[in-house]
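So you can see what is in the structure, the chains are spelled out below.
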Protein chains: 2
Amino acid sequence: MKKEEISIVNILETEAWKLLEQSIAYYQGQPLGTMAVCDKTQIVLNFDHCFVRDFVPSALLFLVKGRYDIVRNFLEKTLKLQPKKNQFNAYTPSKGLIPASFRILLTDGEESLEADFGEKAIARVTPVDSCLWWIIILHAYVKATKDIKFAMQPQFQQGIILIMELCLATRFDMNPTLLVPDGACMIYRRMGIYGYPLEIQSLFYAALRAARKLLICAGNEEIVTAIDNRLPLLRDHIRHYYWIDMKRLNVIYRFKSEEYGQKAVNPFNIYADSIPYNDLSVWLPKHGGYLAGNIGPSQLDIRFFSLGNLLSIICSLTNEVQSQAIMNLIEEQWDDLVGQMPMKICFPALENEEYKIFTGCDPKNIPWSYHNGGSWPVLLWFLTAAAQKTGRTNIGERAIEIAQARLSQDEWPEYYDGTSGSLIGKQARRYQTWTITGFLLAKELMQNPEYLELISFGEFDIEKDYRFCDL
Amino acid sequence: MKKEEISIVNILETEAWKLLEQSIAYYQGQPLGTMAVCDKTQIVLNFDHCFVRDFVPSALLFLVKGRYDIVRNFLEKTLKLQPKKNQFNAYTPSKGLIPASFRILLTDGEESLEADFGEKAIARVTPVDSCLWWIIILHAYVKATKDIKFAMQPQFQQGIILIMELCLATRFDMNPTLLVPDGACMIYRRMGIYGYPLEIQSLFYAALRAARKLLICAGNEEIVTAIDNRLPLLRDHIRHYYWIDMKRLNVIYRFKSEEYGQKAVNPFNIYADSIPYNDLSVWLPKHGGYLAGNIGPSQLDIRFFSLGNLLSIICSLTNEVQSQAIMNLIEEQWDDLVGQMPMKICFPALENEEYKIFTGCDPKNIPWSYHNGGSWPVLLWFLTAAAQKTGRTNIGERAIEIAQARLSQDEWPEYYDGTSGSLIGKQARRYQTWTITGFLLAKELMQNPEYLELISFGEFDIEKDYRFCDL
């Protein structure tokens, strides 16, 4: 880079850090989290909420900068919002859930926290991802501070165990994956991601890995046994059934249907006609592949979902060859997946009848907008982390360059629209906190690869990975 | 009826009873259940399986005829197939589940039972309905025999409690309804009935009612408290959010969207554009209405599903006015819902893109065939029971007349196809047991309205319905 460019980049980063500072919410005099939008002059829906999922890149940034107090306070206060008992009332949050968001209320000069578990959300979507992210943040906090005693406090161990019990509870079906309603994660509007969507499964895997470490250190062996049983099953299920590359597509294309019995080659009874196999066979590069969006009865969602795929690389849910293949795909289909703004939340968009049927005619999720094929700058940090993990740092660098040429002058929008991501999102808010933190975290991860350790896991091997506290 | 007609009907019934006799499976010398197909010369897939859901009308018939041994044996043996412990293995059946089906294996002269919990089924669908039906059959058995001691045996109480724990377990979301994967009930192929389908919710309600009575008699109060909390919430949720009539359609049509907060009028954020409101406004009679197929985030499935609607009447999940409105609708839209064979499993069929997207291009569920708008004679008994319950016996009589004119000469097919149900199902098996038992049970219910008591429940009123054993 030329000197002039370096100074522009420095100005940009300084601006971003300043905005992040403005987004910090204070509760009873202590910093508690970051609000969804940095610019307090924008009075828009939910602008004053602190969303758990939005806080993730903020938390990681605060940790690498040694500002542990904010993250500790966030973890302590959100833990207090977790219901500890079942209330035998189907409209109150279940034991173990962590809210999607909270906000600070001021009543007669008294501050209090108001949680939202989905009961106030548009369409009453369930924030299944929150409790999984909460464990991942807690694990990162312990890694950064080396303060395992913090997580060993009884109330934290109880919090982790309640989440694990919720996720590992006896269920109707017999897959190692988690069954959730539509829109239970970052994509929190109806998008045909009911059932067993990849994002939830990869978060579940990462949370299991994190919880295992945190529980072992405190000697909570019983629930660790349950985790140790689930981890390899979940991993192998995803690596096998969700994986799509040319070799696998050839198998799917020739699937026989209506197979009965345990030896079925096509156990989910996928009809090849339901797969756009010709488009896929052209799109898939020779050495590329990815994890499908969803698997269910006669259902194989072949959309590429970025968060799920990138997080799978980061937490070693995919194997080494698969991780490289995903990065190959991103590189070779760069225009579709990255384009003018890293990166597409999913590809391709649902169009025409599919759009109408799967979104329920959602005017916000029109094709190539918002959750339906929009581009989300926050995903930049996931891409950079996956690039670091796979040693493909050039991919991270290229993506950061694209982002930093636009984000500041576009006033840090929430999302971009269009097939190439060149339009600022139709209803995008400006100065969206996680757009800013996603960019800053991506920069940090490129400059300091060791920060990846906060969020990354190696291959899980139950033989070698015996039970000792390594935090 | 003329004498000649009466004698034809008698011959028909005699034939049906004889076929039912042939379908009985014997295990270790005792009658255990009925096989899916009566005609043992047909070696077709699953012909030798005893399906729990298929056995329901057989069980009720055996009970009214005083042949208690078969039902008792069925309940005892299936209870033994219920897993009593969690096996920490996501591919083995969960604690509490009852298999979809079982068959009798003969190995070296030794008979044994092999259960199928969905792990061998086509598309690996989960039989969520089996455990709910099991409780309903047990309750009917106790009502018929007055042998409450049978259900008070510790292993039966444990069986009921395990099912209740499975259904009432802590879950992610905050609705009183049960979240299930696609195809978890009678419609066991992908049909866009993921989430909170009506059939499961009405079975859940009936099973909660039955379990409550069975548990109170044995003094198991703790789980009864959980049931008492859930019942009114589930009932009110279904009666309000699932209900569609002209008045409600007018509200839905003018829904505002994107409402945030607990006071939202449109909490599920339904977009009116996703509803074929014009078709519906023409189709809905002035005094008719029904329960929608499903409710989820931005999703209102307006298809009419017969089993769920009729069972809701039978178990008083709908209120009296709603029950009458459903019967009005059936009467006024007779050609669509009954036509040439009682009755359509759902209406209308998924066609064109909807068919492709929701079924995954299933060649068995093409429009107006099988689960996708086919006509199922087994539903005749549900229709007759609902007709008795609402005092609309003429509807039951009309339906029986249509069925008895065709069933025997068509060799008792599994299902019929076409918009009017005039075609024998494309892949329908002949001499399907529940086609025969559905017909016989409908006849019994018309002749002996008191038999309805075996399967029916009055309005649940927690104030009046205090805890005493009335079985």
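Note that the coordinates shown come from a computational prediction; the quantities given were computed from them, not determined experimentally. (Residues numbered from 1 in each chain as written. Chains lettered and ligands numbered in written order. Predicted model: local features only at pLDDT ≥ 70, side-chain atom pairs only at ≥ 80, totals over all residues. Heavy atoms only, no water.)

For the structure on display, the rule yields 43 aromatic pairs over all chains. Judged by centre distance (4.8 Å) and plane angle (55°), the ring pair of Tyr-141 of chain B and Phe-150 of chain B falls under tilted. Residue Tyr-141 of chain B shares its accessibility class with Phe-150 of chain B, and that shared class is buried. For the ring pair Tyr-253 of chain B and Tyr-277 of chain B, a centre distance of 4.6 Å and an interplane angle of 50° mean the geometry is tilted. One end of the pair, Tyr-253 of chain B, is in helix H9 (residues 246-253); the other, Tyr-277 of chain B, is in helix H10 (residues 277-283), and 24 residues separate them in sequence. A relative accessible area of 30% places Tyr-277 of chain B in the partly exposed class. Members of the aromatic cluster, joined through ring pairs, are Tyr-68, Trp-134, Tyr-141, Phe-150 and Phe-156 of chain A. Seen from the ring of Trp-334 of chain B, Arg-398 of chain B lies directly overhead, with NZ or CZ sitting 3.8 Å from the centre. (Phe/Tyr/Trp six-rings, centres within 6.5 Å; stacked < 30°, edge-to-face > 60°. Buried < 20%, exposed > 50% of the residue type's maximum accessible area, 1.4 Å probe, protein only. Helix = DSSP H or I, 4+ residues; strand = E, 2+ residues; numbered from the N terminus. Lys NZ or Arg CZ within 6 Å of the ring centre and 35° of its normal.)

Two strands in a sheet stick together by hydrogen bonds in their backbones, pointing the same way (parallel) or opposite ways (antiparallel). All names here are of chain B. Spatial strand order, S3-S4-S5: three strands in an open sheet with antiparallel pairing. If you trace the sheet from one side to the other, it starts and ends with strand S3 (50-51) and strand S5 (110-116), each paired once. Where S3 and strand S4 (residues 101-107) come together, two bridges link them in antiparallel fashion. From the neighbouring strand, Cys-50 faces S4, where its bridge partner is Phe-102. (Pairing = 2+ DSSP bridges.)

To continue, consider unusual backbone geometry. All names here are of chain A. Met-343 follows Pro-342 through a cis peptide bond whose omega is 0°. In this structure, Met-343 sits in the loop between helix H13 (334-337) and strand S11 (346-347). Each neighbour pair has its own omega, and for Phe-347 with Pro-348 the value is -10°, a cis peptide bond. Here Pro-348 is to be found in the loop between S11 and helix H14 (352-359).

On to the packing of helix H2 (residues 52-64) of chain A against helix H3 (residues 68-81) of chain A. Residues and elements named next belong to chain A. As a packed pair, H2 and H3 sit with axes 8 Å apart at the nearest point and diverge in direction by 145°. Regarding H2 and H3, the two cross each other, and that crossing is left-handed. Between H2, through Val-52, Phe-55, Ala-59, Phe-62 and Leu-63, and H3, the contact on the second element is made entirely by Tyr-68, Ile-70, Val-71 and Phe-74. (Axes fitted to C-alpha atoms, helices over the stretch in contact; angles between N-to-C directions. Left-handed = near helix turned anticlockwise from the far one by under 90°. Contact = heavy atoms within 4.5 Å.)

Superposing chain B onto chain A requires a rotation of 180° together with a translation of 0.0 Å along the rotation axis, leaving an RMSD of 0.0 Å. Considering both components of the superposition, the chain copies are consistent with a two-fold axis. Using C-alpha coordinates, one finds that chain B approaches the rotation axis most closely at Glu-353 of chain B, a distance of 3.3 Å. (Least-squares fit on C-alpha atoms with pLDDT ≥ 70 in both.)

Attention shifts here to the pairing of strand S4 (residues 101-107) of chain A. Within a regular strand, side chains alternate between the sheet's two faces. Residues and elements named next belong to chain A. In this sheet, strand S5 (residues 110-116) lies alongside S4 in antiparallel orientation, the contact comprising seven bridges. Bridge pairing links Leu-105 to Ser-112 in S5. With antiparallel pairing between neighbouring strands as the criterion, S4 and S5 make up a hairpin whose turn holds two residues, including Asp-108 at a positive phi of roughly 50°.

Further remarks concern the pattern of salt bridges. Oppositely charged side chains can form a pair if their charged atoms are brought close together. Residue and element names in this part refer to chain A. Tallied over the full model, the rule gives 48 salt bridges over all chains. The partner of Arg-430 in a salt bridge is Glu-411, with the nearest N and O atoms 3.3 Å apart. Of the two residues, Arg-430 is situated in the loop between strand S13 (423-424) and helix H17 (433-447) and Glu-411 in the loop between helix H16 (393-404) and strand S12 (416-417); the sequence distance between them amounts to 19 residues. Looking at Arg-430, the relative accessible area reads 29%, which means it is partly exposed. Connected via shared salt-bridge partners are Arg-212, Glu-221, Asp-228 and Arg-467. (Salt bridge = Lys/Arg side-chain N within 4 Å of Asp/Glu carboxyl O.)

The next thing to look at is the pairing of strand S2 (residues 30-34) of chain A. Residue and element names in this part refer to chain A. A large share of S2 lies buried, amounting to four of its five residues. Bridge count for strand S1 (residues 24-27) against S2 is four bridges, and the pairing is antiparallel. Directly across from Ile-24, in S2, lies its bridge partner Thr-34. Counted between consecutive antiparallel strands, the loop separating S1 from S2 contains two residues, among which Gln-28 sits at a positive phi close to 50°.

A few words on the interface of chain B and chain A. Listed per partner, the contact involves 73 residues of chain B and 73 residues of chain A. Between chain B and chain A, the buried area comes to about 6,600 Å², and carbon and sulfur atoms account for 65% of it. When the buried surface of chain B facing chain A is broken down by residue, Phe-172, Met-174 and Tyr-260 of chain B rank first, second and third, together holding 15% of it. Run the count over chain B and chain A and you get two salt bridges. For Arg-189 of chain A, the salt bridge is made with Glu-258 of chain B, and the minimal N-O distance between the two is 2.5 Å. At the boundary of chain B with chain A, the tally comes to 20 residue pairs in polar contact (both at pLDDT 80 or more). (Buried area = accessible area lost by both parts, 1.4 Å probe. Polar contact = N/O pair within 3.5 Å; in protein donor to acceptor, adjacent residues only side chain to side chain.)

Turning to the state of the cysteines, a few remarks are in order. Residue and element names in this part refer to chain A. Tallied over the entire structure, the rule returns two disulfides over all chains. At a sulfur-sulfur separation of 2.0 Å, the disulfide partner of Cys-217 is Cys-469. Here the disulfide of Cys-217 and Cys-469 is right-handed, its torsion about the S-S bond being about 90°. In this pair, Cys-217 is assigned in helix H7 (residues 198-217) and Cys-469 in the segment after H17, connecting sequence segments 252 residues apart. Here Cys-50 stays unpaired: no disulfide links it, and the sulfur of Cys-38, its closest cysteine neighbor, is 12 Å away. Looking at Cys-346, it has no disulfide partner, and the nearest cysteine sulfur is the one in Cys-185, 11 Å off. (Disulfide = S-S within 2.5 Å.)

Another point: empty space enclosed by the protein. Within this structure, the stated rule accounts for 17 cavities of 30 Å³ or more. Taken as a whole, the largest cavity encloses approximately 310 Å³ of empty space. Lining the largest cavity are 21 residues, with Arg-171 and Leu-179 of chain A together with Thr-170, Arg-171 and Leu-179 of chain B positioned closest to its centre. Mapped onto the lining of the largest cavity, the elements with two or more residues apiece are helix H6 (154-168) of chain A together with helix H6 (154-168) of chain B. Grouping the amino acids of the lining of the largest cavity by side-chain chemistry returns 15 nonpolar, two polar and four charged. (1 Å grid on protein atoms, 1.4 Å probe; cavity = no way out; pocket = protein on both sides within 12 Å on 5 of 7 lines; lining within 4 Å. Points joined across faces, edges and corners; volume = space filled by probe spheres on them. Nonpolar A, V, L, I, M, F, W, Y, C, P; charged D, E, K, R; others polar.)

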